[in-house]
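# Observations on the three-dimensional arrangement
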Amino acid sequence: MVDVQRSGSTLRITMNRPARRNALSHQHLEELLAAFREAGESDATGIVLAAEGPVFSAGHDFADVATRDLAGVRDLLDLCTELMRTVQSVPQVVIARVHALATAAGCQLVASCDLAIAADTAAFALPGGKGGWFCHTPAVPVARSVGRKRLMELVLTGDPVDAATAAEWGLINRAVPLEQLDAAVDELLARATRGSRASKALGKRTVYAQLDRPESDAYDIAREVMAEASQTAAAKEGMAAFLEKRAPIWPE
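Reference entry: report on the structure contained in this document. (Residues numbered from 1 in each chain as written. Predicted model: local features only at pLDDT ≥ 70, side-chain atom pairs only at ≥ 80, totals over all residues. Heavy atoms only, no water.)

### So, the overall build of the chain
When you go through the chain residue by residue, the secondary structure sums to eleven helices and ten strands. The C-alpha radius of gyration of the chain comes to 19 Å, within 12% of the 18 Å expected for a compact globule of 252 residues. Counting the 252 residues in the chain, one finds 43% classified as buried. Taking contacts inside the chain between residues at least 6 apart in sequence as the whole, the part at least 24 apart equals 65%. When the accessible surface of the chain is totalled, it reaches about 13,000 Å², and 54% of it is carbon and sulfur. (Helix = DSSP H or I, 4+ residues; strand = E, 2+ residues; numbered from the N terminus. Rg over C-alpha atoms; globule rule 2.2 N^0.38 Å. Buried < 20%, exposed > 50% of the residue type's maximum accessible area, 1.4 Å probe, protein only. Contact = heavy atoms within 4.5 Å. Areas by Shrake-Rupley, 256 points an atom, 1.4 Å probe, with all protein chains shown as cover.)

### Focus on the side chain of T103
Mapped onto the fold, T103 is located in strand β6 (residues 101–103). T103 sits in the buried class, given a relative accessible area of 11%. Beyond its immediate chain neighbours, meaning those up to four positions away, T103 contacts S57, A58, G59, A125 and P127.

### Here's the deal with the pattern of salt bridges
Counted by the stated rule, this structure contains 14 salt bridges. Note that R20 is salt-bridged to D61, the shortest N-O span being 2.6 Å. Residue R20 is located in the loop between β2 (10–15) and α1 (26–40), and its partner D61 is located in the loop between β4 (55–57) and α2 (62–65); the two are separated by 41 residues in the primary sequence. By relative accessible area, which is 40% here, R20 ends up partly exposed. Across the salt bridge formed by D212 and R144, the nearest N and O atoms sit 3.3 Å from each other. (Salt bridge = Lys/Arg side-chain N within 4 Å of Asp/Glu carboxyl O.)

### Observations concerning the environment of V185
Here V185 shows up in helix α8 (residues 181–192). In this structure V185 comes out as buried when scored by relative accessible area, which is 1%. With 59 residues separating them along the chain, V185 and L126 place their C-alpha atoms 24 Å apart. Those residues within four positions of V185 in sequence are excluded, and the remaining contacts are V48, I95, R97 and I117.

### Re the pairing of strand β3 (residues 46–51)
Burial analysis of β3 places six of its six residues in the buried class, which makes it a mostly covered element. Of the two faces of β3, the one holding G46, V48 and A50 and the one holding I47, L49 and A51 are both buried throughout. The handedness of the β2 to β3 crossover, carried by α1, is right-handed. As paired strands, β3 and strand β5 (residues 93–98) are joined by four bridges and run parallel to one another. Its bridge partner being in β5, V48 is matched across the sheet by I95. (Right-handed = clockwise from strand over helix to strand, strands pointing away. Pairing = 2+ DSSP bridges.)

### A short note on a nonpolar patch on the surface
Where nonpolar side chains cluster on the molecular surface, the patch consists of F134, M152 and L156 and spans about 260 Å² of accessible area. With respect to the helices, strands and loops of the structure, L156 is situated in helix α6 (residues 148–157). (Patch = residues over 30% accessible without salt bridge, like charges linked within 9 Å, V, L, I, M, F, W, Y side chains within 5 Å.)

### Some points on the sheet that holds β3
What the six strands build is an open sheet, ordered β1-β2-β3-β5-β7-β10; its pairing is mixed. Only two strands of the sheet have a single partner each, and these edge strands are β1 (2–7) and β10 (174–176). Taken pair by pair, the neighbouring strands of this sheet meet at an average axis angle of 20 degrees, ignoring direction. Note that β5 and strand β7 (residues 115–119) share four bridges and pair parallel. (Axes fitted to C-alpha atoms, helices over the stretch in contact; angles between N-to-C directions.)

So, in C-alpha cells, the structure goes:
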C-alpha cells in the first residue's frame, strides 16, 4: 500500500506495508511507480519518499520472488528498474526520508533519489553478499553514490553501515536525530526547490544524462543543453531580475 498526500507544493509518497517491512513486491512496485508517474505530471515542486513501520524497506519481497521463474524474475526486475529511472526522470526534486533500516532494493531506492536525509539510528545494507542472491541491481545506483571500494565492502560483506557512515560515504546527504528528521527534510527540500521549476527540471534531467560519462561526452551534453537553456523564459527572467536588482517572477 502506498499513501500519497500533498502539503503546499510538496507531495509525500509513503510506503505503508509495515507488516512486510515495506518489501518491494511486484504489486508494491506497481503502486510506487504509479504514484511517481502521477506526481511527475503534477505541478508540485518536491516529492518526499517516506515509509511507515520499523523498517524503511527490506528490498525485494522474497515471498514474491521465490514463486517466479526466470521470466517472472526478469519482469520483476524490469519493473523495479523502471521505478528507479522514474524517480530520477520526474521533474520534481525527490528526497528520501529514511527513518530506519534500508536494505538491498530498499537501499537502491534511497540511492536513486536526488537527495536523502536519514535518522542517525537508520542503517543501510546490500546483504545479498552473505546470502544466496547477490545484490546485482541494487549495486548500480549505490556505486554511483559511494564509489568502487566502498561499494565492494557493502556488496561483498553484506554488513550494514550506520547513517553517519552512509553520510560520510555519500549515500545520503546527512544524518540527524530522529526527532529532527522531518525538519531536516523540509529544510533541504525548501532550499533545493528554490528558483524556476522548469529550469530545475531541465537541470536534473541533464545532470543524470551526463553523470558517469567520460568528461568530453559530459561536456558535449551539458554545453548544448546550457546554450539552449539560455534562451528559455526562465533564464531570461533570472538574468533580467539580476541585472535589474529585483526579485524574479518565474514563468510556468
